[in-house]
Amino acid sequence: VSDFDWSSIDTSHLPSSYKTNSRREKELLQLADHFFQQYTHLNPDRKPLFIHPVNECGVQKFVSTTVRPTLLPYPDMYYWSGCASFVCDYLIMEPLKCSITPPSSLYSPTTILKYRRGNCFDFTVLLCSLLIGAGYNAYCVHGYATLEMCSLDQTQELCPLLRKPPEVPKEDVPNKYRIKYPLEPQSKFELQQKVRKEKETKPAQEEEREEEVEVGKPKRDALHGLRVHAWVLVLSGKRGVPETFFINPFTGNPHSTTDECFLGIESIWNHRNYWVNMQDCQKGCRDLSFDLSDSFCWEIMFSESNKRSQLPPESPTESPKKDTDDVVSDPGDAFELWGPCMEPSSCLTFLLPAAEYENPFPGGKKVILYNKAKLEKWAAYANGDGLVERLTVYADSECTEELEVKEWFKHRKDQLYMREVNKQTQLITDHFKPGHPLLLKAHSYTSLEPETGHTVEFYHTARFDDLWKRFENAAEMTEYFVGREDFLHKRHIEFDEREKKVEKASITADANSRPIVQIKEYFHRNPEKPADEDIEECIFMVRDDIIRLTYHLELYDIIASQVVFRRLRGRKKREDEILLTKENTVKYQPWSSEKHKNLFHLNNLLGKLKAEQKKLKEQVRNSEAEV
């Protein structure tokens, strides 16, 4: 129940047109009242039409004059999704005073925007005004809906952020040459026994399923089919809308016209005309036709409006044509006569400055409860860390045990835009937009302490070394590369435990770095080189002073060539020493080029590998520092 007192609102600032009716408006109300009386006489079993309620000043107004087409000067408001999101976020929902009858009053969008609250009819009129202003063929709908939709209860629905896109089935290309294997023989007696057993257990299983459904299903609504609701109808055609659909103004979500939540329609209207539904709604809106030119399905108030709708659409800022003739010769010419009463309004634009538009949530925050999920929204800059949205997924319907938390951010200097937290494993994953100082794309971790397990993804096309991904913990580090000219695609480093020494004040953290045990590098095939000269795997065993090379295989070969360089036994290691003999070189080459038979070539190769090893050590230390 709303605790806001609408009777205490200030209407002194409103224009005189809100407080009185002009002569043309009075004549329009007479036509509307005449239409209402004819409809009531011809359809005594139908509910009264919602056609001329009073406004905030207590003055009776025709509902079409309340719709004020407006195009707000914000990019998102040019699309239906932006308009719907703004309305459902900006306003506070108030239930109808009586759930089975429409309201006795309909306030102007100006007042609704000022006080940022309203019922479903207020939401609908404001949203329809914005959609028509943006060029959509939109209409306000007075009808009936389910209890959950009327009361904004989404606790039985799946959160839209958790819905998976439908999978497109892969079409199997028929192959007439495919071998058809014979089916396995089956016993007819065993099949009969299986069918008999299923028949015996089927009733018990159905009873269990019905009990489970009854436990999870909400109770039957005593007012099902009688609850009044208002929403927006968007017809196909304008703005490239391919299919007619509904918009629930409370949530901003689109719905199919066959959605079971919508149980019937009494009437629809826009800023130009008013239509009454003459179709049977026993099956809801599933079988309704939305061809408004069909007089058997829709009873129209001003018949000439349909002819006008067939003309080229007007721009959102174009005012309807004014007629200076004051004499009403035909109700069909009513729109021409009362066009000034329904022309676009610019007052909504002045009521919504940029500061108000960027802070759409009353109180700065909005909370939506879904089935086993909770969605929280904040205005931009409301939180110091840029947090604008948080989705919490729970394991139970009571929302007591958290499974996963997702957070979205805006306007951060480090370009962080999303964070995922797995509450079961405590794994945190940060996602970044392009522009991070370290070119980060994603960062997964359980703790921000070093060497505790970090997986980092980079925008590799922006890095000079084409590094795509890096994983690091206390014992190892693995790096993955994409598109390198030297065909390197993976590097794996193994570390040993640090020496347990008492750290002195003068000793820095770099001085106590982890000892490197070995470095492995993996290369893709270079088609410009022979296989026995193209290295596939290079292992630097730093501690044992061994270098092992494994070459790529040629087609149809099964054993790769290898070359191993190792330090002589019993000989002390010297810095930058290169000593090549038969004792410290092991070669296995099923096929071999002339280069590998040349000791001079192997000596040069060893020198390059030693220089490469020294360079790799520096790169490993830089990678540790970067992590």
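Residues numbered from 1 in each chain as written. Predicted model: local features only at pLDDT ≥ 70, side-chain atom pairs only at ≥ 80, totals over all residues. Heavy atoms only, no water.

By the naming in an unreviewed UniProt entry, the chain goes by Dynein regulatory complex subunit 7 and is assigned to Hirundo rustica. A UniProt comment under Subcellular location (unreviewed entry) is attached to the chain, and it reads "Cytoplasm, Cytoskeleton, Flagellum axoneme". UniProt, in the comment section headed Sequence similarities (unreviewed entry), describes the chain in these words: "Belongs to the DRC7 family." (UniProt positions renumbered as here; feature names shortened; annotations may be inferred.)

Describing the overall build of the chain
The number of helices and strands found in the chain is 13 helices and 25 strands. Within the chain, the proportion of its 627 residues that are buried is 41%. Long-range contacts, defined as pairs at least 24 residues apart, comprise 53% of the intrachain contacts of the chain with a sequence gap of at least 6. In the structure as shown, the chain presents an accessible area of about 37,200 Å², 51% of it carried by carbon and sulfur atoms. (Helix = DSSP H or I, 4+ residues; strand = E, 2+ residues; numbered from the N terminus. Buried < 20%, exposed > 50% of the residue type's maximum accessible area, 1.4 Å probe, protein only. Contact = heavy atoms within 4.5 Å. Areas by Shrake-Rupley, 256 points an atom, 1.4 Å probe, with all protein chains shown as cover.)

Observations concerning the nonpolar core
Among the nonpolar cores identified, the biggest contains 59 residues, and Ile51, Phe62, Phe86, Phe121, Leu131, Val234 and Tyr274 are the most heavily contacted of them. Considering each element in turn, this core owes the most residues, ten residues, to helix H6 (residues 120–133). Listed in part, the 31 residues of the second largest apolar core include Trp378, Val456, Tyr551 and Leu605. (Core = buried A, V, L, I, M, F, W, Y, C linked by side-chain atoms within 4.5 Å.)

Some thoughts on the pattern of salt bridges
Scanning the entire structure with this criterion turns up 27 salt bridges. For Lys423, the salt bridge is made with Glu402, and the minimal N-O distance between the two is 3.9 Å. On the criterion of sequence distance, the pair formed by Lys423 in the loop between strand E14 (416–422) and strand E15 (427–432) and Glu402 in strand E13 (residues 402–409) is long-range, its members being 21 residues apart. Overall, Lys423 belongs to the partly exposed group, its relative accessible area being 32%. (Salt bridge = Lys/Arg side-chain N within 4 Å of Asp/Glu carboxyl O.)

Points about the confidence of the model for the chain
Here the chain averages 82 in pLDDT, and 83% of its residues register 70 or above. Predicted confidence is poor over residues 305–337, with pLDDT under 50, and the contacts of this stretch with residues over four places away or in other chains come to 55 contacts. Confidence drops under a pLDDT of 50 for residues 502–509, and excluding neighbours within four residues, the segment shows one contact in the predicted structure. (pLDDT = per-residue confidence, 0-100.)

What to know about the sheet that holds strand E5 (residues 245–247)
Read from one edge of the open sheet, seven strands run E6-E5-E4-E3-E7-E8-E9, paired in antiparallel fashion. Since the sheet does not close on itself, it has two edges, and those belong to strand E6 (254–256) and strand E9 (298–300), each with one partner. Pairs of neighbouring strands in the sheet enclose a mean axial angle of 35°, with direction left out of account. Across three bridges, the pairing between strand E4 (residues 228–234) and E5 is antiparallel. Opposite Val234, over in E5, you have Phe245 as the bridge partner. Seen against the sheet, H6 touches strand E3 (138–145), E4, E5 and strand E7 (262–269) and runs at an angle of roughly 10° to E4. (Pairing = 2+ DSSP bridges. Axes fitted to C-alpha atoms, helices over the stretch in contact; angles between N-to-C directions.)

Structural notes on the packing of aromatic side chains
Considering all chains together, one arrives at 16 aromatic pairs under this definition. Aromatic side chains Phe290 and Trp298 sit 6.2 Å apart centroid to centroid with 35° between the ring planes, which places their arrangement in the tilted category. This pair shows no difference in class: Phe290 is buried, exactly as Trp298 is. Taken together, the aromatic side chains of Phe50, Phe62, Phe121, Trp269, Tyr274 and Phe302 make up a single cluster linked through ring pairs. The ring of Phe409 is capped by Arg412, whose NZ or CZ atom sits 5.3 Å from the centre of that ring. Across from the ring centre of Phe481, 4.9 Å away, lies the NZ or CZ of Arg484, which sits over that ring. (Phe/Tyr/Trp six-rings, centres within 6.5 Å; stacked < 30°, edge-to-face > 60°. Lys NZ or Arg CZ within 6 Å of the ring centre and 35° of its normal.)

Quick word on the pairing of strand E19 (residues 476–481)
Across five bridges, the pairing between strand E18 (residues 467–472) and E19 is antiparallel. Paired with Lys469 across the bridge in E19 is Tyr480. Between E18 and E19, which pair antiparallel and follow one another directly, the connecting turn spans three residues. The hairpin turn running from E19 into strand E20 (residues 488–495), its antiparallel successor, is six residues long, and Gly483 in that turn takes a positive phi close to 75°.

Overview of unusual backbone geometry
The phi dihedral of Phe487 falls on the positive side, at around 65°, and the residue is not glycine. Structurally, the position occupied by Phe487 is in the loop between E19 and E20. At Asp545, a position not held by glycine, the phi torsion is positive, near 55°. In this fold, Asp545 is placed in the loop between strand E22 (535–541) and strand E23 (546–551).

Quick look at the side chain of His492
Its location among the elements puts His492 in strand E20. There is a polar contact of 2.9 Å between the side chain of His492 and the side chain of Thr478. If sequence neighbours within four positions are ignored, His492 has contacts with Glu476, Met477, Thr478, Gln518, Ile519 and Lys520. (Polar contact = N/O pair within 3.5 Å; in protein donor to acceptor, adjacent residues only side chain to side chain.)

Side note on the packing of helix H4 (residues 80–90) against H6
How two helices pack is summed up by the angle between their axes together with the distance between the axes. Relative orientation of the contacting elements H4 and H6 amounts to 150°, with a least axis distance of 10 Å. The angle between H4 and H6 places the two elements in the roughly antiparallel class. Pair H4 / H6 crosses with right-handed handedness. Within the contact between the two elements, H4 uses Trp80, Cys83, Ala84, Phe86, Val87 and Cys88 and H6 uses Phe123, Leu126, Leu127, Leu130 and Leu131. Here the residues of the contact of H4 with H6 are counted per class, giving eleven nonpolar, no polar and no charged. (Parallel < 35°, antiparallel > 145°, perpendicular 65-115°, else oblique. Left-handed = near helix turned anticlockwise from the far one by under 90°. Nonpolar A, V, L, I, M, F, W, Y, C, P; charged D, E, K, R; others polar.)

A closer look at a nonpolar patch on the surface
A cluster of nonpolar residues, Leu71, Tyr78 and Tyr79, forms a patch on the protein surface that exposes about 290 Å² of accessible area. Looking at where Leu71 falls in the secondary structure, it is placed in the loop between helix H3 (63–66) and H4. Among the residues examined, Leu71 registers a relative accessible area of 34% and is labelled partly exposed. (Patch = residues over 30% accessible without salt bridge, like charges linked within 9 Å, V, L, I, M, F, W, Y side chains within 5 Å.)

Observations concerning the environment of Ile519
Mapped onto the elements, Ile519 comes out in strand E21 (residues 516–523). Accessibility expressed as a relative area gives 0% for Ile519, which makes it buried. Considering only alpha carbons, one finds Ile519 and Glu494, 25 residues apart in sequence, at a separation of 6.6 Å. For Ile519, the contacting residues outside a window of four places in its chain are Arg491, His492, Ile493, Cys538, Ile539, Phe540, Leu616 and Val620.

Section: the pairing of strand E12 (residues 387–394)
The buried count for E12 comes to six of eight residues, which makes it a mostly enclosed element. Relative to E12, strand E11 (residues 373–378) runs antiparallel, the two being bridged by five bridges. The residue of E12 that forms the bridge with Lys374 is Thr392. With seven bridges connecting them, E12 and E13 associate as antiparallel partners.

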